[in-house]
Amino acid sequence: MQPGVMVYDELTGTGKVYQPAVMQRNTIRQIAEDRLGNIWLGSHGLGVFKWIRTRAINNLEDGFVKYKAVPNTMIEKVNTDRKGYVWICTNGSGAYKIDPLTDSIVDHFSTDGPENRRLLANGVADAFEYDDTTMIFVSGGLNILNTKTNTISHITSAEGLPSDIVMSMQ
């Protein structure tokens with residue numbers, strides 16, 4: 001929502017809007033639930049927030065916290081994969097792989113680092129789990145991550161894409 005979060009009750013068909021102070025009335029652009037039932041929220045310019053189910057037992061708003069490990073930037077996409085990791089795509093800081101059990105960043109992909117682990121651009125519009133060993137990042141073309149070898153290969157217009165501007169995958 002813009003701003004806040006709406007919680008919709010399917011049984012009653014009603015919704016209630018919450019504007020937790022920690023979110024500073026920022027727009028929430030993306031949302032995903034992890035395997036623990038916690039909610040990861042990507043904001044327009046303040047990075048990532050997390051709603052922790054166990055902290056919200058008595059008051060829903062008590063569950064919202066700022067996830068400080070990802071910079072204050074626009075979040076383009078929040079996904080979870082079949083192994084339970086949370087993937088955060090940013091508009092200028094690359095992509096982050098987070099373990100929701102420990103709240104730690106397992107990996108960070110950007111234009112920095114070894115050549116076989118670099119993204120084509122730091123603006124990542126999407127992270128798509130293709131199969132059990134392949135993640136595809138939409139970032140200046142397609143960035144194909146082999147999760148077994150932890151290496152990235154690329155597909156761009158030079159390899160036949162009609163354009164290097166890709167916004168989403170499904």
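You'll find the structure just up there.
Cut-off values and rules
Residues numbered from 1 in each chain as written. Predicted model: local features only at pLDDT ≥ 70, side-chain atom pairs only at ≥ 80, totals over all residues. Heavy atoms only, no water. Helix = DSSP H or I, 4+ residues; strand = E, 2+ residues; numbered from the N terminus. Buried < 20%, exposed > 50% of the residue type's maximum accessible area, 1.4 Å probe, protein only. Lys, Arg positive; Asp, Glu negative; His and termini not counted. Salt bridge = Lys/Arg side-chain N within 4 Å of Asp/Glu carboxyl O. Polar contact = N/O pair within 3.5 Å; in protein donor to acceptor, adjacent residues only side chain to side chain. Contact = heavy atoms within 4.5 Å. Pairing = 2+ DSSP bridges. 1 Å grid on protein atoms, 1.4 Å probe; cavity = no way out; pocket = protein on both sides within 12 Å on 5 of 7 lines; lining within 4 Å. Points joined across faces, edges and corners; volume = space filled by probe spheres on them. Nonpolar A, V, L, I, M, F, W, Y, C, P; charged D, E, K, R; others polar.

Draft legend 1. Spatial organisation of the side chain of D126. You can see D126 is positioned in strand 11 (residues 126-131). Buried within the structure, D126 lacks any salt-bridge partner; K77 is the closest side chain of opposite charge, at an N-O distance of 4.3 Å. Polar contacts involving the side chain of D126 include one to the side chain of N79, which spans 3.4 Å. Aside from chain neighbours lying at most four places away, what touches D126 is K77, N79, C89, I136, F137, V138, M167, S168 and M169.

Draft legend 2. Seen up close, the pairing of strand 5 (residues 48-51). What you see with strand 5 is no split at all: V48 and K50 on one side and F49 and W51 on the other are buried throughout. As paired elements, strand 4 (residues 39-43) and strand 5 share four bridges and run antiparallel to each other. Across the sheet, W40 pairs through a bridge with K50, a residue of strand 5. Between strand 4 and strand 5, which pair antiparallel one after the other, the connecting turn spans four residues, and G47 there sits at a positive phi close to 80°.

Draft legend 3. Structural view of the layout of surface pockets. Roughly 180 Å³ of volume is contained in the largest pocket. Surrounding the largest pocket, V5, M6, V7, I31, G37, I39, W51, R53, L60 and F64 form its lining. For the lining of the largest pocket, the element with the most residues is strand 1 (residues 5-9), which contributes three residues. Classifying every residue of the lining of the largest pocket by side-chain character gives eight nonpolar, one polar and one charged.

Draft legend 4. Looking closely at the environment of R118. Topologically, R118 is positioned in the loop between strand 10 (104-109) and strand 11. Judged by its relative accessible area of 33%, R118 is partly exposed. Separated by 33 residues in sequence, R118 and T151 have C-alpha atoms that sit 8.4 Å apart. In this structure, R118 is in contact with S110, T111, D112, G113, N143, I152 and H154, ignoring residues within four places of it in sequence.

Draft legend 5. Looking closely at unusual backbone geometry. Even without being a glycine, R25 presents a positive backbone phi close to 60°. The exposure class assigned to R25 is exposed, which follows from its relative accessible area of 57%. One non-glycine residue, N150, adopts positive backbone phi at about 60°. Following the sequence through the fold, N150 ends up in the loop between strand 13 (142-146) and strand 14 (151-155).

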